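Overview (structure and organization)
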Amino acid sequence: MVKKIIICLVLIAGSFSQVQAEESSPVVVIDDFERELKALPWSTDSMLKMSNDAKFGKQSAEFIMKANGNPMQEFQLDKSIAEQLEKISCNTITMWVKGDGSDSNCYFTFIEREEGKKVEAFGCITPISLKDTSWHKVSLKLGEFTYGATWGEGEEGDKVLRLRYLLAYRIYCNKDSYERRFLIDHIQGEKVEETFYKTIK
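What counts, and at which threshold
- Residues numbered from 1 in each chain as written.
- Predicted model: local features only at pLDDT ≥ 70, side-chain atom pairs only at ≥ 80, totals over all residues.
- Heavy atoms only, no water.
- Core = buried A, V, L, I, M, F, W, Y, C linked by side-chain atoms within 4.5 Å.
- Buried < 20%, exposed > 50% of the residue type's maximum accessible area, 1.4 Å probe, protein only.
- Contact = heavy atoms within 4.5 Å.
- Salt bridge = Lys/Arg side-chain N within 4 Å of Asp/Glu carboxyl O.
- Helix = DSSP H or I, 4+ residues; strand = E, 2+ residues; numbered from the N terminus.
- Disulfide = S-S within 2.5 Å.

Ranked by internal contacts, the top residues of the largest apolar core, which has 38 residues, are Ile-93, Met-95, Phe-108, Phe-110, Phe-145 and Tyr-169. Beyond its immediate sequence surroundings of up to four residues, Phe-110 is in contact with Ile-30, Leu-77, Ile-93, Glu-120, Ala-121, Phe-122, Leu-142, Phe-145, Leu-161, Leu-166, Ala-168 and Tyr-169.

The structure is reproduced here in C-alpha cells:
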C-alpha cells in the first residue's frame, strides 16, 4: 500500500505572521461593590450610593461628585489584597465604568504606606472619561501611576509604586462648576501578557 503524504504550503508574499495566543491572566478582585459601601471618613465633597444598575452581580457604586469642590472618595484596601496583587505581578488595573455623558473625567489613585513611614500617593495620569453612558471596560497600566500626580498631594518624583504596601485607593474628579454622577463596578488587578507577533520568512 502506498501512503501518500500531502503537504500544503500557503505562501503569502513570502512571509506570514504567527500570533501567540494569550493565556488566561491572573486576576485579583480589588472591589466588586457587592457588600456595604464604606468609604473612608475623610472623603470630601461627594456622595456614595449603591446602585442596582450593575455590570456584574447585583450592585455597583454610584459616585456623586459635587460642583465647585474637590470631590473624592477613598476606600481602604485589605493587606491580603495588596499581597495578592504583588504575588501575581499585577501590571494592569481594570474596572467597568458607566459615565453621565459629560465631558468630564475621573481619576484613580493608589495610596501606599510602608510601616513607620509617611503615606504616599500614586495617581494614574490617564483620565477616565465620563462621556460614554454605557458600561465599558477601562484599563490602567501600573506604569502610568506617578508619584504625586494626584489630588493635590506630594511632589512629583521618580518613586515607584510598591504593591505590597498598598493601603487604599481613591476615585476623584477635578474641581468643576457642575455635578458629576457615574457608576463603577468590579475593580480588579491583572497581570496582562502582551501578545507579540513573529514573522517567518
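Take the pattern of salt bridges next. A complete count under the given rule lists ten salt bridges for this structure. Of the charged contacts, one joins Arg-181 and Glu-62 as a salt bridge, the two residues approaching to 3.3 Å between their closest N and O atoms. Here Arg-181 is found in strand 13 (residues 180–190), whereas its partner Glu-62 is found in strand 4 (residues 60–65), with 119 residues between them in sequence. The class for Arg-181 is partly exposed, based on a relative accessible area of 38%. Judged by its relative accessible area of 15%, Glu-62 falls in the buried class. Here Arg-170 makes a salt bridge to Glu-74, at a shortest N to O gap of 2.6 Å. With a gap of 96 residues between them, Arg-170 in strand 12 (residues 166–172) and Glu-74 in strand 5 (residues 72–76) connect regions that are remote in the sequence. For the pair Arg-170 and Glu-74, a shared accessibility class is recorded, and that class is buried. One network of salt bridges, in which partners are shared, links Glu-62, Glu-179 and Arg-181.

This model, assessed by the stated rule, comprises zero disulfides. The closest cysteine sulfur to the non-disulfide-bonded Cys-106 is located on Cys-173, 5.4 Å from its own sulfur. Take Cys-106: its relative accessible area is 0%, and that puts it in the buried class.

On to unusual backbone geometry. Where the residue is not glycine, phi is negative for most of them; where a peptide bond is considered, it is trans in most cases. One non-glycine residue, Asp-45, lies in positive phi territory at about 50°. As for its position among the elements, Asp-45 is in the loop between strand 2 (27–31) and strand 3 (46–51). Residue class for Asp-45 comes out partly exposed when judged on its relative accessible area of 35%. Even without being a glycine, Asn-68 presents a positive backbone phi close to 55°. In this fold, Asn-68 is placed in the loop between strand 4 and strand 5. The class of Asn-68 is exposed, set by a relative accessible area of 56%.

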